[in-house]
Amino acid sequence: ALEEGDDLGLEEAFEARVRPAGALDDPVLKFEASNIPFGDLDFSSSPMSGKQIVFSQSIPFPGMLRAKEEAAEHASLAAESDLRDREGTVVNLVKQSYFTLAFLDRAIEVTEKNGGLLQNFVRVAQIKYAVGKGLQLDVLKAQVSLSALQARLIRLRTQRAVAESRLNLVLNRAVDQPVGQTDAVMLTTLDTDFESMTSTAMESRPILQKLIHARRSFEAKERLAEALGKPMMMFSLGYRQRDFMAFDPVEGGDFFSVGVGITLPIYRGRKQKQMAAEARANASMTDARLEATRQQVRFNVRSLLLAIDEHKQEADLFRTAILPQAEQSLASARAGYAVDKVDFLTLLNNQLTLLNFEIDAYRHVTEHEKKIAELEAVVGARFNHSL
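For the structure given in this document, a descriptive report is provided here. (Residues numbered from 1 in each chain as written. Predicted model: local features only at pLDDT ≥ 70, side-chain atom pairs only at ≥ 80, totals over all residues. Heavy atoms only, no water.)

**A few points about the side chain of T286**
Mapped onto the elements, T286 comes out in helix α7 (residues 272–338). Discounting chain neighbours no more than four positions away, the residues touching T286 are L211, A214, R215 and F218. (Helix = DSSP H or I, 4+ residues; strand = E, 2+ residues; numbered from the N terminus. Contact = heavy atoms within 4.5 Å.)

Here you go:
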């Protein structure tokens, strides 16, 4: 995400586009040396010769500058809204990468813990086999399971290194910079419904604000095109310095002049009317995009709320039922194996089942938080989040 100083700098850059749009065109200051005879190049040889300074300023038709300023203002606000939407996208990318890393940390931790338990199983199986109370198949099965667990650890650690690099990438840091152990992720309580969340999205999502401002900018451009089709006034003020004295009724006096002119928009049908038609077409296209985006936002909110609820229910089910039952089953298998009432393969399967359930339970927790992060980006608002 952008630093606060960069954010303020971009806002100032957008705002700086507005005031110039509403300013008058620069005045023109012109110097003329006119009516100088070729023969002697003397300013005093003819009453028509002189040096003249002319100042002129164009004045647009009323409403033109305001329309230009409004078009620039809404275009600036649209660009600023686009920036806010991109910031939300970046925040979502950071959270997605973090929660992936958190899941992998937990998966590695659980797998390493179970690796230690499987090593104990191998030793127990070897001891029982050595004293004639176990089968060689039990030893081999335990060793294969331990090797498979070690292979899983290799994959998980590689995946963690990739997730670590991805998190560094979205944070604009060196991709090989170490990221420490992540904190435990907890389920966030999201107390909302589809209607209230959709209402929040319609008000807060920056991409919708961008399209609204773009629509208003095109409306202002249409008004600007209509104003450009009206005459523009031109005012000028001149001062002429003269050197001619002989037989001059004003005895070499200087002259001043005042002028007024207007533009003649005789090509209005080919220029300004077409500009207005283009602005109307762009406004209509923006309306269609706005409605399509609103529909997409509603769909995204609906699907994400369903996914969030699904992961919450599954996480709760693992916490309250599946994991306790798997732990009880494993404890029973251990007790039965100790008195030779349960075979080794049953004990091993119970241990591996618990391992997979522990990883799946945490997967639902992190996926729940990922979906909330996505929902924040879709809605354009932040919730009470575990990150």
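Having seen the model, we can carry on.
**Describing the packing of aromatic side chains**
Summed over the entire model, instances satisfying the criterion amount to 2 aromatic pairs. The interplanar angle of 75° and the centroid separation of 5.8 Å between the aromatic rings of Y98 and F99 together place this pair among those described as edge-to-face. Taking 6.0 Å as the distance between ring centres and 70° as the angle between the ring planes, the aromatic pair formed by F318 and F357 counts as edge-to-face. Of this pair, F318 sits in helix α7 while F357 sits in helix α8 (residues 344–379), and the two are 39 residues apart along the sequence. Judged by relative accessible area, F357 falls into the partly exposed class, the value being 27%. The ring of Y362 carries R106 above its face, with NZ or CZ at 5.9 Å from the centroid. (Phe/Tyr/Trp six-rings, centres within 6.5 Å; stacked < 30°, edge-to-face > 60°. Buried < 20%, exposed > 50% of the residue type's maximum accessible area, 1.4 Å probe, protein only. Lys NZ or Arg CZ within 6 Å of the ring centre and 35° of its normal.)

**Digging into the sheet that holds strand β4 (residues 255–262)**
In space, the 4 strands of this open sheet follow the order β1-β2-β3-β4, with antiparallel pairing throughout. Strands at the two margins of the open sheet, each flanked by one partner only, are β1 (28–34) and β4. Each strand of the sheet is rotated relative to its neighbour by a mean of 20°, with strand direction disregarded. When strand β3 (residues 233–241) meets β4, the two strands line up antiparallel, connected through 8 bridges. Considered in β4, the bridge of M234 is made with G261. (Pairing = 2+ DSSP bridges. Axes fitted to C-alpha atoms, helices over the stretch in contact; angles between N-to-C directions.)

**Thoughts on the layout of surface pockets**
Approximately 400 Å³ is the volume attributed to the largest pocket. Lining of the largest pocket is provided by 19 residues; of these, R106, V185, M186, Y362 and V365 occupy positions nearest its centre. For the lining of the largest pocket, the secondary-structure elements that each account for two or more residues are α3 (64–130), α7 and α8. Residue composition of the lining of the largest pocket, grouped by class: 10 nonpolar, 2 polar and 7 charged. (1 Å grid on protein atoms, 1.4 Å probe; cavity = no way out; pocket = protein on both sides within 12 Å on 5 of 7 lines; lining within 4 Å. Points joined across faces, edges and corners; volume = space filled by probe spheres on them. Nonpolar A, V, L, I, M, F, W, Y, C, P; charged D, E, K, R; others polar.)

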